[in-house]
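Chain by chain, the residues:
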Amino acid sequence: MVNKAAWHDLKSLLDPQQVTLVAVSKVKPVEDIRRLYELGQRDFGENYVQELVDKQKELPIDIHWHFIGHLQTNKVKYIAPFVHLVHGVDSAKLLAEIDKQAKKNNRIIDVLLQVYIAEEESKFGLDEKEIIQLLDHYTESGSYNNIRICGVMGMASFSEEIQQVRAEFKHLYDVFRNLQQSYFLGKDYFKTCSMGMSGDYTVAIEEGSTMVRVGSLLFGARKPSL
């Protein structure tokens, strides 16, 4: 069930020129996505490649599809024809594969680099040294013509300690600003700092987030896996 009131509240809170709202629609039915679309929502996030491919076929063509899960290199080809933004690029191998598949589809695909900021081993991401190595390779090789690194993303620890979460978001924003200043690749590069979800998006925005990913507030809690 879509929470229309929550969507209106979020849209009134967020300046669309400053913060993009991505509605996380993973495991939610097409009908729910369509209801939000009819309200005016255009950015939706999915975690699973096959689910995303199936939904994309059934829904309006002007939806901006964000892949927000952990993307395997052998699955890139399935979403390359239409994906709007790939969140969570965490290796040079994945970056190269996205570029390869984008070229096959005569597209430039936007991506975010995933930064490891949480105190949880289950989270994916690059540390600052790995990001610099990847960006140096990206800029020096001159061979990545079909991808655009638009910024960074990260997920804070799943914690009720707000100060810890705030510190992790602040760290990510500092990384974002340092990279933005060190690698001026053009006006469309390093403009996005994606952080914040249903439980912590207000803190993320206070710390500089330009993109939040909200699911349960809009669609209700997901049923636990059996």
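It should be noted that the structure appears before, not after, this text.
The paragraphs below set out a description of the structure included in this document.

Turning our attention to the pattern of salt bridges. Counting across every chain of the model gives eight salt bridges. For R42, the salt bridge identified is with D62, shortest N-O distance 3.3 Å. Placement of R42 in the loop between α2 (30–39) and β2 (43–46) and of D62 in the loop between α3 (49–58) and β3 (64–67) is noted, with a sequence separation of 20 residues between them. One salt bridge connects D110 with R148, and the closest N-O pair in it is separated by 2.7 Å. Of the two residues, D110 sits in strand β5 (residues 109–114) while R148 sits in strand β6 (residues 147–153), which places them 38 residues apart along the sequence.

To continue, consider the packing of aromatic side chains. Using the criterion set out here, one finds three aromatic pairs in the structure. Arranged with centres 5.7 Å apart and planes meeting at 35°, the rings of Y138 and Y144 form a pair that is tilted. You can call Y144 buried: its relative accessible area is 12%. On the numbers, 5.8 Å between centres and 50° between planes, the contact of Y173 with F176 is tilted. Residue Y173 and its partner F176 are located together in helix α7 (residues 162–182), separated by three residues, close to a single helical turn. Under the relative-accessibility criterion, F176 is labelled buried at 3%.

Moving on to the side chain of E51. Relative to the helices and strands, E51 resides in helix α3. A polar contact is formed between the side chain of E51 and the side chain of K55, at a distance of 2.6 Å. Not counting chain neighbours up to four residues away, the residues in contact with E51 comprise S25, K26, V27, K28 and E46.

With that settled, the discussion passes to the pairing of strand β8 (residues 211–214). Residues of β8 alternate between two faces, with M211 and R213 on one and V212 and V214 on the opposite face, all of them buried. When strand β1 (residues 20–24) meets β8, the two strands line up parallel, connected through four bridges. Bridged to T20 within β8 is M211.

A few words on the nonpolar core. I79, L95, I98, V152 and L218 are the most contacted members of the largest nonpolar core, which totals 64 residues. If sequence neighbours within four positions are ignored, L218 has contacts with M1, V2, N3, A6, W7, L10, A23 and L36. In this structure, V22, C150, M153 and M211 belong to the second largest nonpolar core, which totals six residues.

Its identity as a non-glycine residue notwithstanding, V27 has a phi of 60°, on the positive side. Phi at N106 takes a positive value of approximately 55°, unusual for a residue other than glycine.

The next subject is the pairing of strand β4 (residues 85–89). Summarising burial for β4: five of the five residues are buried, a large majority. Across two bridges, the pairing between β3 and β4 is parallel. By the bridge assignment for β4, H66 is matched with L85. Taken together, the three bridges between β4 and β5 define a ladder with parallel strand orientation. Bridge pairing in β5 places V86 opposite V111. Note that the unit made of β4, helix α5 (residues 92–104) and β5 has a crossover that is right-handed.

What counts and what doesn't
- Residues numbered from 1 in each chain as written.
- Predicted model: local features only at pLDDT ≥ 70, side-chain atom pairs only at ≥ 80, totals over all residues.
- Heavy atoms only, no water.
- Salt bridge = Lys/Arg side-chain N within 4 Å of Asp/Glu carboxyl O.
- Helix = DSSP H or I, 4+ residues; strand = E, 2+ residues; numbered from the N terminus.
- Phe/Tyr/Trp six-rings, centres within 6.5 Å; stacked < 30°, edge-to-face > 60°.
- Buried < 20%, exposed > 50% of the residue type's maximum accessible area, 1.4 Å probe, protein only.
- Polar contact = N/O pair within 3.5 Å; in protein donor to acceptor, adjacent residues only side chain to side chain.
- Contact = heavy atoms within 4.5 Å.
- Pairing = 2+ DSSP bridges.
- Core = buried A, V, L, I, M, F, W, Y, C linked by side-chain atoms within 4.5 Å.
- Right-handed = clockwise from strand over helix to strand, strands pointing away.

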